[in-house]
Each structure stands twice: as C-alpha cells, then as structure tokens.
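Structural overview for review
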Amino acid sequence: MTRLGFILAASLSLATSMAHAAGFKPIEVAGEGSLPAIKGGVWYPCSQPVGDIKVGPFIMAATKDCPVTGEKLPLVIISHGRGGTFVGHHDTAGTLADAGFVVVAISHPGDNALDKSRIDDPSVFVERPADIQRTLDFMLGSWPDAAKIDAARIGFFGFSRGGYTGLVVIGANPHFGKRLRACEGNDSALCDQVHKGTLPELTHDPRIKAAVIADPLSVFFTPDSFNAVKVPVQLWGSERGGDGVTPESVVAIASQLPEKPEFHTVPNSQHFDFLPPCPAELAKTALVICADPPNFDRVAFHRELNAATLVFFRKHLVDEKQP
C-alpha cells in the first residue's frame, strides 16, 4: 500500500469510529483596549444532517448553528497566511470536525482578505501570536460551548505567515535584526525596538500540545530560534515554494527543531497548493493562488493533507491523552 493509501485508510478508520457531520458557527472575539475584535468561525461535531453553507466564494459542507455533539472534545486553532481569511482552510477544519474535533479559525486583524490595513506593517508579526492566545482564551472561556472542550487537548494548524505564527506560539523566538525592511521610514515603538536590536515581547502559549505547520514564512528565524520548542510538529513543505517561502528554508526548520518533526515534502507543488481547490468564482480573480503546476492534482493532495493532519492530531491530542 502506498503512503497516501495507508494514511487515507487510517483516516477512514478513525473517522468511521467517531463520525459526525460538521456544525459551523461564526464567532467574534471582543476587542480589548487598543486591540481590535477578531472575527472567525468554529467547526465542530454535530448530529444533524449536513447541508451547504456559502461563505465568500466557498461552499462548505456543514450545518449552521446546530448543537455541539460530544464532551471533552479536542480543539484545533487555524491561522491563515498573508491576506488570507478564516475560511481559507475550511476543508481541513471540516475534516477534523467530522472526526470529533472543535476547530476555530480566525481572520487576523489588519492582515486578512477584507482588511489589509496593516498587511505590510511589522506589528502583525508580533500581534499574530497574541491573536491566537486571545482566541484560545475566548474558546475556553466566553464561547457558549466552552465546557465541551478539553483544555488539555489543544492543537494548532498554520500556513505561511500562519506557520510562522504557530512556531512562535509553541516557543520559537524570531530575530528581526536591526534593518527590517518593513521598518524603513516607520517610527513606531516596535520599529524603534528593531532599530536598537532588541527583541519585542512575543506570545508563547503552552496550552498548545501539537502543531501542523505548512510552508512557514521563516525569514526571521535563526538556528537557535527553536531551542524552546518542545511539542510534536508535523511539518509540510512545497517543492517549488513561493510568496517568500523557499523549499530550503522549510528543510532548515526541519533540521533545527529540537525534536525531529514528521516532515512531508509535497512533490511538484507550489506554495499556494496548501489552500483548498478554488471555486470557479475565485479562480477567475486569483490566478496566482488558484493555478497549479502542470500535472499537480490539488484535490488529491488535500485528501492526503487532511488525512495526515487528522492522524497526527488524533495521535497527539486523543490517543496519548487517554487514561
């Protein structure tokens, strides 16, 4: 049996033993002082028949606002790439929710498809990890079904800048140097710190016990950035790279993590293939994101990606937590 066949078979076995439909609810994490509100969505196990929900150009197989099924459910949080959106990895979220996970995905304020006001501001690299912590606080506190989540079983999935975000959250410390290009002509407090060579305070969250990281932006990492990373990591790299991510940079992270990650290189892929296949409406206006290399099957790849992600989180958030 091929590696893909084994993963799909294992995933099917797991999903069959704990199958649900995916429920879906939008969320908003309230702003705090100068911090803006964070919008996003939650996918979760649901016992009602699945339907179709349209969010932006995407049609998701889910049931809106149905009751959450289950108790002591593991939670996974998703962080998108530069200018992305909370719905950008909806297929992964749906796969996990179908298998009994609660999944929350957010749109990072100022760095998302509808609000690009700070997309090139260096502050987003400090605030993105803080967004994750604020969202986890909400999910374990104010979210109406917080009592159904097991706070000891929290995972993370991140792509591109979201991969950078996840690495920081699980303990990595980037080094911005003294000549960060985004700080040229910027006299903000953060850039003042950068010019002085001091490291801004970054958010690490020990509640996250496992992370799936796909084609992470790594320009701020050095070999000693990962010394404090102790949780298991599943790392994915595209063969061709793109959007500031090179295949070599992902391989370097794999070699620098203190504990050897589960590392997958995706043959013939480019960076944006980690986003789900584009609906026709989006493909007309987002060729860079939606076009695939010759002979690359994004649909088949996402079956593999989602299956492997499920197996990894099942192993580290469910099986290892059983009494």
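To be clear, the structure that these remarks concern was listed above.
For the structure given in this document, a descriptive report is provided here. (Residues numbered from 1 in each chain as written. Predicted model: local features only at pLDDT ≥ 70, side-chain atom pairs only at ≥ 80, totals over all residues. Heavy atoms only, no water.)

1. Quick notes on the state of the cysteines
Stated precisely, the cut-off is as follows: Disulfides are defined in this document as cysteine sulfur pairs within 2.5 Å. Helix and strand labels come from DSSP, where a helix needs a run of H or I of at least four residues and a strand needs a run of E of at least two; each type is numbered from the N terminus. Relative accessibility under 20% of the residue-type maximum defines a buried residue, over 50% an exposed one, and the middle range a partly exposed one, all with a 1.4 Å probe and only protein chains included.
This model, assessed by the stated rule, comprises two disulfides. Each sulfur in the disulfide pair Cys46 and Cys66 lies 2.0 Å from the other. Here the residue Cys46 occupies a position in strand β2 (residues 38-46), and Cys66 occupies one in the loop between β4 (58-64) and β5 (73-79), the gap between them amounting to 20 residues. With respect to burial, Cys46 and Cys66 carry one shared label: buried. Disulfide partner of Cys278: Cys290, at an S-S distance of 2.1 Å. A torsion of -90° about the S-S bond marks the disulfide between Cys278 and Cys290 as left-handed. Linking Cys278 in the loop between β10 (262-266) and α7 (280-283) with Cys290 in helix α8 (residues 287-290), this pair joins segments that are twelve residues apart in sequence.

2. Focus on the sheet that holds strand β6 (residues 102-107)
Here is the rule we go by: Strand pairing is assigned whenever DSSP detects at least two bridges linking the two strands. Angular values range over 0 to 180 degrees, each being the angle between N-to-C directions of two axes fitted as lines to C-alpha atoms, with helices fitted over their stretch in contact. We call two residues in contact when some of their heavy atoms are within 4.5 Å.
The ten strands are arranged β3-β4-β1-β2-β6-β5-β7-β8-β9-β10 in an open sheet whose pairing can be described as mixed. A strand with exactly one partner marks an edge of an open sheet, and here the two such strands are β3 (51-55) and β10. Each strand of the sheet is rotated relative to its neighbour by a mean of 30°, with strand direction disregarded. Strand direction decides the pairing type here: β2 and β6, joined by five bridges, are antiparallel. In the sheet register, Trp43 faces β6, and the bridge partner there is Val103. This element, helix α2 (residues 90-98), spans β1 (21-29), β2, β4, β5, β6 and β7 (149-159) of the sheet and lies at about 35° to β2. Helix-sheet contacts for helix α3 (residues 123-140) involve β1, β2, β5, β6, β7 and β8 (208-214), and the interaxial angle to β5 is about 150°.

3. Let's talk about the packing of aromatic side chains
Aromatic ring pairs are reported here in terms of the distance separating the ring centres and the angle at which the planes meet. Operational definition: When the centres of two rings from Phe, Tyr and Trp lie within 6.5 Å, Trp using its six-membered ring, the rings pair. Their planes under 30 degrees apart give stacked, over 60 give edge-to-face, and anything left gives tilted.
Tallying each qualifying case throughout the model produces 13 aromatic pairs. Seen from their ring centres, Trp43 and Phe86 are 6.5 Å apart, and the 55° between their planes marks the pair as tilted. Linking Trp43 in strand β2 with Phe86 in the loop between β5 and α2, this pair joins segments that are 43 residues apart in sequence. The exposure class assigned to Phe86 is buried, which follows from its relative accessible area of 15%. Consider the rings of Phe125 and Tyr164, whose centres lie 5.4 Å apart with planes at 90°: the pair is edge-to-face. Here Tyr164 lies in helix α4 (residues 161-169) and Phe125 lies in helix α3, a separation of 39 residues in the sequence. For the residue pair Phe125 and Tyr164, the accessibility class agrees, reading buried in each case. Members of the aromatic cluster, connected to one another through ring pairs, are Phe125, Tyr164, Phe176, Phe220, Phe221 and Phe226.

4. Details of the nonpolar core
For soluble globular proteins, nonpolar side chains are generally found buried alongside one another. Keep this limit in mind: Buried residues of nine kinds, namely Ala, Val, Leu, Ile, Met, Phe, Trp, Tyr and Cys, make up a nonpolar core once their side-chain atoms join them within 4.5 Å.
Among the nonpolar cores identified, the biggest contains 53 residues, and Val102, Met139 and Trp143 are the most heavily contacted of them. By residue number, the principal contributor to this core is α3, which donates seven residues. Apart from residues no more than four positions distant in its own chain, Val102 is found in contact with Val42, Trp43, Tyr44, Pro45, Leu73, Pro74, Leu75, Val76, Met139, Trp143 and Ile149. By size, the runner-up hydrophobic cluster in this structure holds 41 residues, among which are Phe58, Leu96, Phe101 and Ala105.

5. Points about α2
Think of an α-helix as turning once every 3.6 residues; residues three or four places apart then point the same way. Burial analysis of α2 places seven of its nine residues in the buried class, which makes it a mostly covered element. Trailing α2 by a residue or two, Gly100 shows a phi angle of about 105°, which is positive.

6. Section: the side chain of Arg153
This is how it is decided: Whenever two N or O atoms come within 3.5 Å, that pair is a polar contact, provided that in protein one can donate a hydrogen and the other can accept it, and provided that, for residues adjacent in sequence, both atoms are side-chain atoms.
Residue position: Arg153 is located in strand β7. For Arg153, the side chain forms a polar contact with the side chain of Asp150, separated by 2.9 Å.

7. Observations regarding the packing of α2 against helix α9 (residues 298-318)
Basically, it comes down to this: When describing relative orientation, an angle under 35 degrees is termed roughly parallel and one over 145 degrees roughly antiparallel, while 65 to 115 degrees is termed roughly perpendicular and anything else oblique. Definitions for this section: a left-handed crossing has its near helix turned counterclockwise from the far helix by less than a right angle. A right-handed crossing has that turn clockwise.
Closest axis-to-axis distance for the α2/α9 pair is 10 Å, and the angle between their directions is 45°. Classified by the angle their axes make, α2 and α9 are oblique. Crossing handedness for the pair α2 and α9: right-handed. Residues Asp91, Thr92, Thr95 and Leu96 of α2 form the contact with α9, whose participating residues are His302, Asn306, Thr309, Leu310 and Phe313.

8. Description of the pattern of salt bridges
Cut-off, in case you're wondering: By definition, a salt bridge exists where a carboxyl oxygen of Asp or Glu is found within 4 Å of a side-chain nitrogen of Lys or Arg.
Scanning all chains against the criterion turns up 13 salt bridges. Across the pair Arg118 and Glu127 runs a salt bridge, and its minimum N-O distance is 3.0 Å. Judged by its relative accessible area of 27%, Glu127 falls in the partly exposed class. As a salt-bridge pair, Asp273 and Arg298 come within 3.1 Å of each other at their nearest N and O atoms. Taken together, the residues Asp273 in the loop between β10 and α7 and Arg298 in helix α9 connect sequence positions 25 residues apart. Both residues of the pair, Asp273 and Arg298, count as buried. Here the salt bridges share partners, and the residues they tie into one network are Asp111, Arg128 and Arg161.

Everything listed is a geometric property; what it means functionally is a separate question.
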